[in-house]
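Examining the three-dimensional arrangement
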Amino acid sequence: VRLAWRGAVANRETEAIERSAECLFVYYLYKNGYDEGLSEFRRAAEAFASPQAGQESDGSPKDLATPKEEENLLGYLLAAQGYFLAHRRNLQKGQKLMKQALALLRRTAPVDRRNEAFALLWLGWAHLFRGQRTEGKRCAGNSLALFSDKNDRWGEAWAQLLLGVCIKDGRPAEAAEIFQAGLDLCRDSGDQNVLSYLNHNIGWANKELGRYKQAQRQIDQAVTISKKLDNMLGLGYSLFGRGRLEIALGKYRQASQTLEQCLTYFNKVGTVHTSRAQIYLGLAHHLQDDYEPARQWYNQALEGFKAANSTLELTRCLDCLGRLAYDRGELDEAEQLHRESLALLQEAEQEPLLVADTTRYLGRLMVAKGEGRRAEALDFFRQALKLSLVHQLAPIALDVCASAAQLLAQEGELE
């Protein structure tokens, strides 16, 4: 397959490349061959275009010269190249290349809507990797509409997956419905890789909703499929979901082992996922009272999110550091960290789950700070409980009820 592709590229055999490009992209995508995929699609793109006006400071071409009849193919090749670059080495540069590809595809008359949907889909994933969830959600919705028009079940399932992932941390109940729609599509397309990702993510959503048995079954199915397919990235994600569920179930030592396995797979296939695993590995240590390893993992994750400019994930990390400071009796530092997290959330996208998480920790902290902060504590508990009830976040709601009940009891309001 590689030799055939390289021969077609060397001879600029347009028809052969057009017919085989998507197959080769999916092969590299599912076999985690991002580096080779990047190299092969770059080689092909260079065969069909030459930079007209030099290069940008990041090495990408300022403009591309290519015959009109080949612009559509070049756009596809650049989109594929951009995704592999974003996933493996450089998010910002890969994202820029995909935007360039999309512009090229849209100026070709008539516009190939299938290729446009393809470029939008992978651009959406790059936005998500950078924490730009609003843009990711927009790309997912537009891509889904285009794939649906083309009756492309494979593309629809991938777009549903992206759409659900963009909202799952804020609105897990909505995300679970989207993932279920994707699972129904997978039964038509037969794609086991997407089936694995969807099972892992619907399990993740159900974990946030407190449906632990359901989540366990779905995540276990994702692990089984990924092992069978030898999909390292899928296995990393599935083990990540299993580790988070084990934390929720109080199996902290087991979670540490699971998340270390997960981190091994993430490190093999790319670095855009490792920081999230580091947060929960830190949390597993934290909940076993291993404070120093927890702090080290949290700080590693913090640096990763800062480098990726991922605001929402950064808030999760700040909350974990705040919880650690609270448990160590450093209440002023804990308050500073949680308030910084809340300020970032208020500036960003107001994800209900993350806001509920932060306000419940602030409420607990106000209780610890003494009588003068009782009103603030109740206000934070009300905010967290309201969001939890609206969005069906049962684990957070239960925790808030327990914390608020304790406060009221201390004040003599026993009923």
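Anyway, here's the lowdown on the structure attached to this text. Keep in mind the model is a prediction, meaning the values are calculated, not measured.

**Some thoughts on the overall build of the protein**
- A count of helices and strands for the protein gives 20 helices and 2 strands.
- The C-alpha radius of gyration computed for the protein amounts to 23 Å, which stays within 12% of the reference 22 Å derived for 415 residues, consistent with globular compactness.
- Along the three orthogonal principal directions, the C-alpha set of the protein runs to about 85 × 45 × 35 Å.
- Taking contacts inside the protein between residues at least 6 apart in sequence as the whole, the part at least 24 apart equals 62%.
- Per element, the accessible surface of the protein, about 17900 Å² overall, is 47% carbon and sulfur.
- The distance from the centre of the 52 positive side-chain charges to the centre of the 54 negative ones in the protein is 3 Å.

**Considerations on unusual backbone geometry**
- The peptide bond linking Ala 109 to Pro 110 adopts the cis configuration, its omega dihedral lying at -10°.
- Note that Pro 110 resides in the loop between helix H5 (91-106) and helix H6 (113-129).
- Of note, Asn 32 is a non-glycine position whose phi angle comes to about 55°, a positive value.
- Mapping Asn 32 onto the fold places it in the loop between helix H2 (14-30) and helix H3 (34-48).
- Asn 32 gets classed as buried once you look at its relative accessible area, which sits at 11%.
- One non-glycine residue, Asp 230, lies in positive phi territory at about 55°.
- With respect to the element layout, Asp 230 can be found in the loop between helix H11 (212-229) and helix H12 (232-248).

**Description of the pattern of salt bridges**
- Using the criterion set out here, one finds 29 salt bridges in the structure.
- Between Glu 116 and Arg 106 there is a salt bridge, with its nearest N and O atoms 2.8 Å apart. Placement of the pair is Glu 116 in helix H6 and Arg 106 in helix H5, with a sequence separation of 10 residues.
- Residue classification places Glu 116 among the buried positions, given a relative accessible area of 5%.
- Here Arg 171 makes a salt bridge to Glu 351, at a shortest N to O gap of 3.7 Å. Of this pair, Arg 171 sits in the loop between helix H8 (153-167) and helix H9 (172-189) while Glu 351 sits in the loop between helix H17 (331-347) and helix H18 (352-368), placing them 180 residues apart in sequence.
- Among the residues examined, Arg 171 registers a relative accessible area of 30% and is labelled partly exposed.
- Given a relative accessible area of 4%, Glu 351 falls into the buried group.

**A few points about the packing of helix H4 (residues 71-88) against H6**
- Between H4 and H6, the least distance of the axes is 10 Å, while the angle of their chain directions is 20°. Here H4 is positioned roughly parallel relative to H6, judged by the angle of their axes. Between H4 and H6 lies a crossing of left-handed hand. For the pair formed by H4 and H6, the contact residues are Asn 72, Tyr 76, Ala 79, Ala 80, Tyr 83, Ala 86 and His 87 on the first element and Asn 115, Phe 118, Ala 119, Trp 122, Trp 125, Ala 126 and Phe 129 on the second.

**Description of the nonpolar core**
- If you look at the biggest cluster of nonpolar residues, it comprises 108 residues, and the most contacted ones within it are Phe 25, Phe 41, Tyr 83, Trp 122, Trp 125 and Trp 158.
- The residues touching Phe 41, leaving out its near neighbours within four places in the chain, are Trp 5, Ala 21, Leu 24, Phe 25, Tyr 28, Leu 77, Ala 80, Gln 81 and Phe 84.
- Within the second largest apolar cluster, 22 residues are counted, among which are Ala 334, Leu 354, Ala 356 and Val 400.

**Things to note about H6**
- In this model, H6 (17 residues) spans 24 Å end to end at C-alpha, consistent with the 24 Å of a helix rising 1.5 Å per residue.
- Burial analysis of H6 places 16 of its 17 residues in the buried class, the great majority of the element.
- Between the side-chain oxygen at the start of H6 and the backbone nitrogen of Arg 114 there is a gap of 3.0 Å, and the oxygen is on Asp 112.
- Gly 131 sits one or two residues past H6 and shows a positive phi near 80°.

**Examining the packing of aromatic side chains**
- Summed over the entire model, instances satisfying the criterion amount to 25 aromatic pairs.
- The ring of Trp 204 carries the charged tip of Lys 168 above its face, separated from the ring centre by 3.6 Å.
- When the ring centre of Trp 204 is taken as origin, the NZ or CZ atom of Arg 244, which lies over that ring, is 3.9 Å away.

Conventions used here
- Residues numbered from 1 in each chain as written.
- Predicted model: local features only at pLDDT ≥ 70, side-chain atom pairs only at ≥ 80, totals over all residues.
- Heavy atoms only, no water.
- Helix = DSSP H or I, 4+ residues; strand = E, 2+ residues; numbered from the N terminus.
- Rg over C-alpha atoms; globule rule 2.2 N^0.38 Å.
- Contact = heavy atoms within 4.5 Å.
- Areas by Shrake-Rupley, 256 points an atom, 1.4 Å probe, with all protein chains shown as cover.
- Lys, Arg positive; Asp, Glu negative; His and termini not counted.
- Charge placed at Lys NZ, Arg CZ, Asp CG, Glu CD.
- Buried < 20%, exposed > 50% of the residue type's maximum accessible area, 1.4 Å probe, protein only.
- Salt bridge = Lys/Arg side-chain N within 4 Å of Asp/Glu carboxyl O.
- Axes fitted to C-alpha atoms, helices over the stretch in contact; angles between N-to-C directions.
- Parallel < 35°, antiparallel > 145°, perpendicular 65-115°, else oblique.
- Left-handed = near helix turned anticlockwise from the far one by under 90°.
- Core = buried A, V, L, I, M, F, W, Y, C linked by side-chain atoms within 4.5 Å.
- Expected span 1.5 Å × (residues − 1).
- Polar contact = N/O pair within 3.5 Å; in protein donor to acceptor, adjacent residues only side chain to side chain.
- Phe/Tyr/Trp six-rings, centres within 6.5 Å; stacked < 30°, edge-to-face > 60°.
- Lys NZ or Arg CZ within 6 Å of the ring centre and 35° of its normal.

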